[in-house]
Amino acid sequence: MREREYKIWNPEMECMDREQLVKLQGQRLKETVKRVYDNVPMYRKRMDDKGIKPEDIRGVEDLKYLPFTDKPDLRDQFPYGLFAVPKHDIVRIQGSSGTTGMPIVTGYTQHDVDVWTEMAARSVTMAGGGPDDIVQVCYGYGLFTGGLGLHQGATQVGAMVIPMSSGNTQRQINMLKAMGSTMLCCTPSYALLIGETVREMGIDPKKELKLRAGVFGAEPWSDKIRARIEELLNIDALDIYGLTEMAGPGVSCECLYKCGMHVNEDHVIPEIIDPDTLEPLPYGEKGELVFSTITKEGTPLLRYRTHDLCRLNPEKCQCGRTNVRMDRIMGRTDDMLIIRGVNVFPSQIETVLMGIPGVTPHFLLVVDRVGPTDTMEIQVEVTDEIFGDTVADLQSFSKLIYERIKSALGLSANIKLVPPKSIPRFEGKARRVQDNRKL
Ligand code: AMP
Ligand code: ZN
């Protein structure tokens, strides 16, 4: 490792003594609780219902008394119900898929954008990035936080940023080569596709590319995929985690020791809870990851249930950082899938299908990975009437479903119409998803 790879963006915050950190968190938590109690009717009601006043929260140890927040709350309060400041103070909106047709949105004040930028800057620095780097950002730009998040972070550390957004793999590779990009930011599956295409194009990454690190996240992956990407592109591949509700990418990121993602605990407090009893679990135990924002002004959230399964490790890392590290995400407590970087809930598909006459409420979503690319097939059970139609009619019916799914999810799916009663029925919870991907 070169010397600059040991750099820490904000040593004061990232290497703070834990006792001092907990004190700081407590202070910020108290301010946040007061802010939401005074400005967000949903939180005021929930705290009143539990008989808690902001003064009752004395520090991090009292976190467990606060109410949880979940995705449906963001949907129910859409678009502005959870905003804790006047719209006048909001400078940005970002969003993500909700469980039904509408996205969930969060608002940022300039201070919130700065905090998010700081977290992403720490992440880029963890990967060894700095002013000498040329950072190619191939996450999507838009409501999705990936593109702008890494863009802002890499700009903050003084790197030269190439805002490619995702797609057009050959062009991405031509730019990697021509510009001499040293860092790549995208989803791990896209990194894999870029790596495989580089090899198909006969490019030797050691000789013809200058890449040395990549920051990959927004979807689950594994050490096996890491090894493959590292080999294909001759880089260090690091895991970065984030979610729109907390700001975006950079909530946590791995350092070059690759032993868990450092959580930016001066801005968010992580907890692990038992998803059934909702009781907090000690460090080291696997459970659902829950976050509270403690510096956010626009849409501060208390105890937000991510539904991501994870484990926390508070030991100091060899890199010198003292903040808690989270393991790779080990799964979900709900049925959310991430397909080509897009969050998909089977309920969204159900909503679309239910709006089309001739379709029964039975479908099966089959997800697979062909090479590095996720594929999605929806087997849709249709009525006798539809199934008896001519081939041409069936084709145009499939096309209609394809278009509706594409516009609701932003993803193309292969639609397969199947005869009545051919999709298995369940007495308990229906299993509508068959995920064949081996990550
Ligand atoms: P979004 O708000 O659309 O960016 O989606 C956030 C969700 O993406 C998280 O709750 C996780 O389920 C998933 N996610 C983000 N980063 C990672 C990562 N590094 N590993 C696994 N899942 C991730
Ligand atoms: Zn470290």
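As a reminder, the structure under discussion sits directly above these lines.
Just so it is clear, the model here is predicted, and its values are computed rather than measured.

### A closer look at the pattern of salt bridges
Next, step 1: Applying the stated criterion to the full structure yields 32 salt bridges.
Next, step 2: Close ionic contact of K258 with E230 constitutes a salt bridge, the shortest N to O distance being 2.7 Å. Note that K258 is positioned in the loop between β8 (248-254) and β9 (261-263) and E230 in helix α10 (residues 223-233), a separation of 28 residues in sequence.
Next, step 3: Judged by its relative accessible area of 19%, E230 falls in the buried class.
Next, step 4: One salt bridge in this structure joins R369 and D374, with 2.8 Å as the shortest N-O distance.
Next, step 5: What makes R369 buried here is its relative accessible area of 16%.

### What to know about the pairing of β8
Next, step 1: Of all seven residues in β8, seven are buried, a share of seventy percent or more.
Next, step 2: For strand β7 (residues 236-243) and β8, the ladder comprises four bridges, and the chain directions are antiparallel. Opposite G242, over in β8, you have P249 as the bridge partner.
Next, step 3: The antiparallel hairpin formed by β7 and β8 contains four residues in its connecting segment, where A247 sits at a positive phi of about 145°.
Next, step 4: Two elements, β8 and β9, share three bridges in a ladder whose sense is antiparallel.

### A look at the packing of helix α11 (residues 346-354) against helix α13 (residues 391-409)
Helix-helix packing is described using two parameters, namely the angle between the two axes and the distance between the axes.
Next, step 1: Their axes nearest at 10 Å, the elements α11 and α13 cross at an angle of 135°. By the criterion of interaxial angle, the relationship of α11 to α13 is oblique. Judged by the twist between their axes, the crossing of α11 over α13 is right-handed. Across the interface between the two elements, Q348, I349, V352 and L353 from α11 touch I401, R404, I405, A408 and L409 from α13.
Next, step 2: Along the lines of polarity and charge, the residues of the contact of α11 with α13 split into seven nonpolar, one polar and one charged.

### Let's talk about helix α8 (residues 188-200)
Side chains of residues three or four places apart in an α-helix project in the same direction, reflecting 3.6 residues per turn.
Next, step 1: Here α8 contains 13 residues, and its C-alpha end-to-end distance of 18 Å stays within 8% of the 18 Å for a straight helix at 1.5 Å per residue.
Next, step 2: Where α8 is buried, its residues contact α7 (169-179), β5 (183-186), α9 (205-208), β6 (213-217), α10 and β18 (359-370).
Next, step 3: At the C-terminal side of α8, G202 shows a positive phi close to 75°.

### Topic: the coordination of the zinc ion (ligand 2)
A metal bound by six donors in octahedral fashion has ideal angles of 90 or 180 degrees, whereas one bound by four tetrahedral donors has an ideal angle of 109.5 degrees.
Next, step 1: Distances from the zinc ion (ligand 2) to its protein donors, namely C255 (SG), H262 (NE2), C317 (SG) and C319 (SG), fall within the range 2.2 to 2.3 Å.
Next, step 2: Mapped onto the sequence, the residues coordinating the zinc ion (ligand 2) show the spacing C-x6-H-x54-C-x1-C.

### What to know about the side chain of T293
Next, step 1: With respect to the secondary-structure elements, T293 resides in strand β11 (residues 287-293).
Next, step 2: Among the residues examined, T293 registers a relative accessible area of 1% and is labelled buried.
Next, step 3: Once residues within four sequence positions are removed from consideration, T293 is found in contact with T32, E245, M246, H267, V268, P300 and L301.

### Quick word on the pairing of β11
Next, step 1: The buried count for β11 comes to seven of seven residues, which makes it a mostly enclosed element.
Next, step 2: Strand direction decides the pairing type here: strand β10 (residues 268-273) and β11, joined by six bridges, are antiparallel. Across the sheet, residue E271 finds its bridge partner in β11, namely V290.
Next, step 3: In terms of strand pairing, β11 meets strand β12 (residues 304-310) through four bridges, oriented antiparallel. In the strand pairing of β12, F291 is matched with Y304.

### A closer look at the sheet that holds β11
Next, step 1: Spatial strand order, β10-β11-β12-β15: four strands in an open sheet with antiparallel pairing. Here the strands that pair on one side only, and so sit at the sheet edges, are β10 and β15 (331-332).

### Considerations on the nonpolar core
Next, step 1: Counting residues in hydrophobic clusters, the biggest one holds 37 residues, and the most contacted among them are Y241, L289, F291 and M326.
Next, step 2: With four residues, helix α2 (residues 18-39) is the largest single contributor of residues to this core.

### Describing empty space enclosed by the protein
Next, step 1: Considering all chains together, one arrives at three cavities of 30 Å³ or more under this definition.
Next, step 2: A volume near 80 Å³ is recorded for the largest cavity.
Next, step 3: If you trace the largest cavity, you find it lined by Y108, H111, D112, V115, M119, M246, A247, H267, V268, T293, T295 and K296.
Next, step 4: Considering each element in turn, the lining of the largest cavity owes the most residues, four residues, to helix α5 (residues 110-126).

Parameters and conventions
- Residues numbered from 1 in each chain as written.
- Chains lettered and ligands numbered in written order.
- Predicted model: local features only at pLDDT ≥ 70, side-chain atom pairs only at ≥ 80, totals over all residues.
- Heavy atoms only, no water.
- Salt bridge = Lys/Arg side-chain N within 4 Å of Asp/Glu carboxyl O.
- Helix = DSSP H or I, 4+ residues; strand = E, 2+ residues; numbered from the N terminus.
- Buried < 20%, exposed > 50% of the residue type's maximum accessible area, 1.4 Å probe, protein only.
- Pairing = 2+ DSSP bridges.
- Axes fitted to C-alpha atoms, helices over the stretch in contact; angles between N-to-C directions.
- Parallel < 35°, antiparallel > 145°, perpendicular 65-115°, else oblique.
- Left-handed = near helix turned anticlockwise from the far one by under 90°.
- Contact = heavy atoms within 4.5 Å.
- Nonpolar A, V, L, I, M, F, W, Y, C, P; charged D, E, K, R; others polar.
- Expected span 1.5 Å × (residues − 1).
- Donors = N, O, S within 2.8 Å, 3.2 Å for Na, K, Ca; no water.
- Core = buried A, V, L, I, M, F, W, Y, C linked by side-chain atoms within 4.5 Å.
- 1 Å grid on protein atoms, 1.4 Å probe; cavity = no way out; pocket = protein on both sides within 12 Å on 5 of 7 lines; lining within 4 Å.
- Points joined across faces, edges and corners; volume = space filled by probe spheres on them.

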